[in-house]
Amino acid sequence: MDTDWEWDETLFSGTATYYRRGRLPYAPGLTDVVAEVLDLNGRGRLIDVGCGPGTLALSFQDLFSEIVGLDPDPVMIAVAAREAAERGGADKVRWVQARAEDLPAGLGTFTVATIGQSFHWMDRGLVAASIRDMLQPGGALVHISDLKTERRTVDDPAYPAVPHVAIEELVRNYLGPVRRAGQGVLQQGTAGGEAAVLAQAGFTGPERRVVPGGQLLERTVDEVVAGVFSMSFSAPHLFGQRRDEFEADLRRRLRGASRSGRFSERQPSTEVFVWRNCPAELPC
């Protein structure tokens, strides 16, 4: 990660309420794949680190007897708790407002830890070591993200494709050419090399699975706008007093791109890396 950037509490400020409507879901079948790989049976404890509004934690609620979702943003935690109550799983899930760097935070030990598209925002070496110490022998850290290398273009769509390039250009027009992140910027983008970090922390693996996507999704203007405001680099607070102006400009361009106000977008595949906590005396 760019050394000029440091995490701050405004990173995802104001984005939580847009996740449910704006973010594309993980590929169908993700829970089945994880359950198969880890031989899950409804018992054990899961900790979802950087849980956001509870997307992963709640999707796995039938696979564990207890789940802890941890995130530093208080609104993310509130949205997750509300979603859990609506789904009827509030009694099984505990929501904790804390940074991953605060682990173990007295939360005990777990059979599985998940991280969904948030590891790059953390002090990765510190967090990886802490999670490994919290996992039971033979436990697993499951790193989950959209597959970034696949072709996502839409052939012969029912509606125009979401104009992502034009949206990114509009964001740059308002916020400048360098990607924003909280109160700072990311000159070089977010960090890579996650496999080396996890191996250095003592994890073995990974076992890689790809859950296929490819389904054609229908998106409305409201959903595309919500997707933009759910991103750290275009979080609502970054626009300051020009937030309403930006949204009006965005909606105007989207309506110009689709007379029906609807777009087609292809569901991304989901990439799963399973890392094991295997002490020398325990074969995995």
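Reading the values: the criteria
Position numbers for residues start from 1 in each chain and track the written sequence from start to end. Only residues with pLDDT of 70 or above have their local features reported here, since the model is predicted, and side-chain atom pairs are shown and tallied only from 80 upward, although totals for entire chains, interfaces and linings are computed over all residues. Values reported for side chains reflect all heavy atoms of the structure, with hydrogen atoms and water molecules removed beforehand. The numbering of helices and of strands both runs from the N terminus, where a helix is a DSSP run of H or I of at least 4 residues and a strand a run of E of at least 2. Polar contact is the term for a pair of N or O atoms within 3.5 Å; when the atoms are in protein, one must be able to donate a hydrogen and the other to accept it, and sequence-neighboring residues count only if both atoms are side-chain atoms. Contacts were defined at the residue level, with two residues in contact if any of their heavy atoms lie within 4.5 Å. Working rule for helices: expected span equals 1.5 Å times residues minus one. Partly exposed residues are those whose accessible area sits between 20% and 50% of the maximum for their type, while under 20% is buried and over 50% is exposed, using a 1.4 Å probe and protein chains only. Taken from the helix axis, the directions to the C-beta atoms give the arc we talk about. We call a set of buried Ala, Val, Leu, Ile, Met, Phe, Trp, Tyr and Cys residues a nonpolar core when their side-chain atoms join them within 4.5 Å. Comment: axis = line fitted to C-alpha atoms, over the contacting stretch for helices; angle = value between 0 and 180 degrees taken between N-to-C directions. Just so you know how the angles are binned, under 35 degrees is roughly parallel, over 145 roughly antiparallel, 65 to 115 roughly perpendicular, and the rest oblique. Take the far helix as the reference: if the near one is turned anticlockwise from it by less than a right angle, the crossing is left-handed, and if turned clockwise, right-handed. Charged residues are taken to be Asp, Glu, Lys and Arg, nonpolar residues to be Ala, Val, Leu, Ile, Met, Phe, Trp, Tyr, Cys and Pro, and polar residues to be all remaining types, Gly included. We call Phe, Tyr and Trp rings a pair once their centres come within 6.5 Å, taking the six-membered ring for Trp, and we label the pair stacked below 30 degrees between planes, edge-to-face above 60, and tilted otherwise. For a ring to carry a charge above it, either NZ of a lysine or CZ of an arginine must fall within 6 Å of the ring centroid while also lying within 35 degrees of the normal to the ring plane.

**Student:** Any chance you could explain the side chain of R266 here in plain terms?
**Tutor:** Note on placement: R266 falls in strand β10 (residues 262-266). Polar side-chain contacts of R266 include one of 2.7 Å to the backbone oxygen of G214. Not counting chain neighbours up to four residues away, the residues in contact with R266 comprise L24, R152, T153, V154, D155, G214, Q215 and L216.

**Student:** Can you walk me through helix α6 (residues 164-175) in this structure?
**Tutor:** Each α-helix turn comprises 3.6 residues. Residues three or four places apart therefore point the same way. With twelve residues, α6 should reach 16 Å at 1.5 Å per residue; the first-to-last C-alpha distance of 16 Å fits that figure. Three or more residues of α6 are buried, namely I167, L170, V171, Y174 and L175. All buried residues of α6 project into a common sector of 115° when viewed along the axis, lining one side. Opposite its buried face, α6 presents the exposed residues V165 and N173, each directed more than 90 degrees away. Each element contacted by the buried residues of α6 is listed here: β6 (179-181), α8 (221-229) and α9 (243-257).

**Student:** Help me out: how do you make sense of the nonpolar core in this one?
**Tutor:** Where a protein is soluble and globular, its nonpolar side chains tend to be buried together. Counting 30 residues, the largest nonpolar core has L30, L38, F60 and W95 as the members making the most contacts within it. Within the residue set of this core, elements represented by two or more residues are α2 (30-38), α3 (55-59), α4 (74-87), β3 (93-97), β5 (135-146) and β11 (270-276). Considering every element that reaches this core, the biggest residue donor is α2, with six residues. Formed by 25 residues, the second largest nonpolar core is a distinct cluster that contains I47, V49, L141 and W275.

**Student:** How should I be thinking about the packing of α6 against α9 in this particular structure?
**Tutor:** Between two packed helices, both the angle of their axes relative to each other and the distance between the axes serve to describe the pair. For the pair α6 and α9, interaxial distance at closest approach is 11 Å and the crossing angle is 155°. Considering their axes alone, α6 and α9 lie roughly antiparallel with respect to each other. Where α6 crosses over α9, the two elements pack in a sense that is right-handed. Of the residues in α9, those in contact with I167, L170, V171, N173 and Y174 of α6 are E245, F246, D249, L250, R253 and L254. Tallied by class, the residues present in the contact of α6 with α9 amount to seven nonpolar, one polar and three charged.

**Student:** What's the story with the packing of aromatic side chains in this structure? I'm lost.
**Tutor:** Remark: the centre distance and the inter-plane angle together describe each pair of aromatic rings, the angle taken between the planes. Enumeration over the complete set of coordinates arrives at seven aromatic pairs. Residues F229 and F246 carry aromatic rings whose centres are separated by 5.9 Å and whose planes lie at 65° to one another, so their mutual orientation is edge-to-face. Of this pair, F229 sits in helix α8 while F246 sits in helix α9, placing them 17 residues apart in sequence. Assigned by exposure class, F229 and F246 land together as buried. Taken together, a centroid distance of 4.1 Å and an interplanar angle of 20° make the contact between F239 and F246 stacked. For F239, a relative accessible area of 5% translates into the label buried. Taken together, the ring pairs in this structure connect Y18, Y174, F229, F239 and F246 into an aromatic cluster. We note R45 situated over the ring of F110; from NZ or CZ to the ring centre the distance is 4.1 Å.

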